[in-house]
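Descriptive analysis of the structure
For reference, the chains in residue letters:
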Amino acid sequence: MILTASSVSDLPAIASEIISFAANARIFLFYGDMGAGKTTLIKSLCRVLGSRDNITSPTFAIVNEYEATAGKIHHFDFYRLKNQTEALDIGCEEYFYSGNYCFIEWPEKIPDMLPDHFISIHIAVLNDNSRKITLDKF
Ligand SMILES: Nc1ncnc2c1ncn2[C@@H]1O[C@H](COP(=O)(O)OP(=O)(O)OP(=O)(O)O)[C@@H](O)[C@H]1O
Ligand SMILES: [Mg+2]
């Protein structure tokens, strides 16, 4: 499925569509350049799932945890990961197989750790405010 966000104000509706499209999937991989809008879209997804927590980039912590009416949400940013062993050390596999929502930025950094089934979300910058968002289910 391909969606176009003309501005950030489109993201709440797009996030609802993504959650519906995902159905019972819980692992979401976010691909896109720095500043493409991965964290910004994840914030909207967390709101749709009923989280009122402060959603921030876990660049230094690698993983943030939020409370939501849909259960716990684990938000990863692997950009600064030095190697895949570091992901194992933070216990990524326990999170991935917990059944909780997992939103993963920079999954390219952990190619060998990814579960077999996931939703991939590619974000491409069209201009300052608009983004092409491509969803696939694996
Ligand atoms: N339609 C849009 N969707 C998402 N972000 C948008 C959109 N329009 C403008 N933006 C802006 O683009 C920026 C996206 O930054 P964000 O931190 O979400 O990127 P990121 O992909 O998570 O980058 P990083 O790889 O550094 O984590 C924000 O400043 C946001 O307000
Ligand atoms: Mg980010």
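The following refers to the structure shown. (Residues numbered from 1 in each chain as written. Chains lettered and ligands numbered in written order. Predicted model: local features only at pLDDT ≥ 70, side-chain atom pairs only at ≥ 80, totals over all residues.)

1. Things to note about helix α2 (residues 38–48)
Formally: Whether a residue is buried, exposed or partly exposed follows from its count of other C-beta atoms within 10 Å of its own C-beta, namely 20 or more, 12 or fewer, or something in between, respectively; the C-beta atoms are built from the backbone. Put simply, DSSP H or I for four residues or longer makes a helix, DSSP E for two residues or longer makes a strand, and each gets a number counted from the N terminus.
For α2, the complete set of buried residues consists of Lys38, Leu41, Ile42, Lys43, Ser44, Leu45 and Cys46. Phi turns positive, to about 90 degrees, at Gly50, one or two residues after α2.

2. Notes on the packing of helix α1 (residues 11–22) against α2
Condition: The axes used here are C-alpha line fits, helices contributing only the stretch in contact, and every angle between their N-to-C directions lies in the interval 0 to 180 degrees. Here the angle decides the label: under 35 degrees means roughly parallel, over 145 means roughly antiparallel, 65 to 115 means roughly perpendicular, and every other value means oblique. A clockwise turn of the near helix away from the far one marks a right-handed crossing, whereas an anticlockwise turn of less than a right angle marks a left-handed crossing. A pair of residues counts as a contact when their C-beta atoms, built from backbone coordinates, are within 7 Å of each other. In this count, Pro and Cys sit with the nonpolar residues alongside Ala, Val, Leu, Ile, Met, Phe, Trp and Tyr, while Asp, Glu, Lys and Arg are called charged and the others, Gly among them, polar.
Two elements in contact, α1 and α2, have axes whose closest approach is 8 Å; the angle formed by their N-to-C orientations is 70 degrees. Overall, the two elements α1 and α2 adopt an arrangement that is roughly perpendicular. For α1 against α2, the interelement crossing comes out right-handed. Residues Leu11, Pro12, Ala15, Ser16, Ile18 and Ile19 of α1 touch α2, and the partners they reach there are Thr40, Leu41, Ser44, Leu45, Arg47 and Val48. Residue classes in the contact of α1 with α2 are distributed as eight nonpolar, three polar and one charged.

3. Some details on the pairing of strand β6 (residues 119–125)
Put simply, the rule is: Note: two strands are recorded as paired if DSSP finds a minimum of 2 bridges between them.
Taken together, the four bridges between strand β2 (residues 27–31) and β6 define a ladder with parallel strand orientation. Counted as the bridge partner of Leu29 is Ser120 from β6. Pairing of β6 with strand β7 (residues 131–137), which is carried by seven bridges, proceeds in the antiparallel orientation. Across the sheet, residue His122 finds its bridge partner in β7, namely Thr134.

4. Regarding the sheet that holds β6
Taken in spatial order, the seven strands make up an open sheet running β1-β7-β6-β2-β5-β4-β3, and their pairing is mixed. Looking at strand neighbours, the two that pair on one side only are β1 (2–5) and β3 (63–68), the edges of this open sheet. The sheet shows a mean angle of 20 degrees between the axes of neighbouring strands, taken without regard to direction. Along the sheet, α1 contacts β1, β2, β6 and β7; its crossing angle with β1, the most-contacted strand, is approximately 165 degrees. On the sheet, α2 packs against β2, β3, β4 (71–77), β5 (101–105) and β6 and is oriented at approximately 170 degrees with respect to β5.

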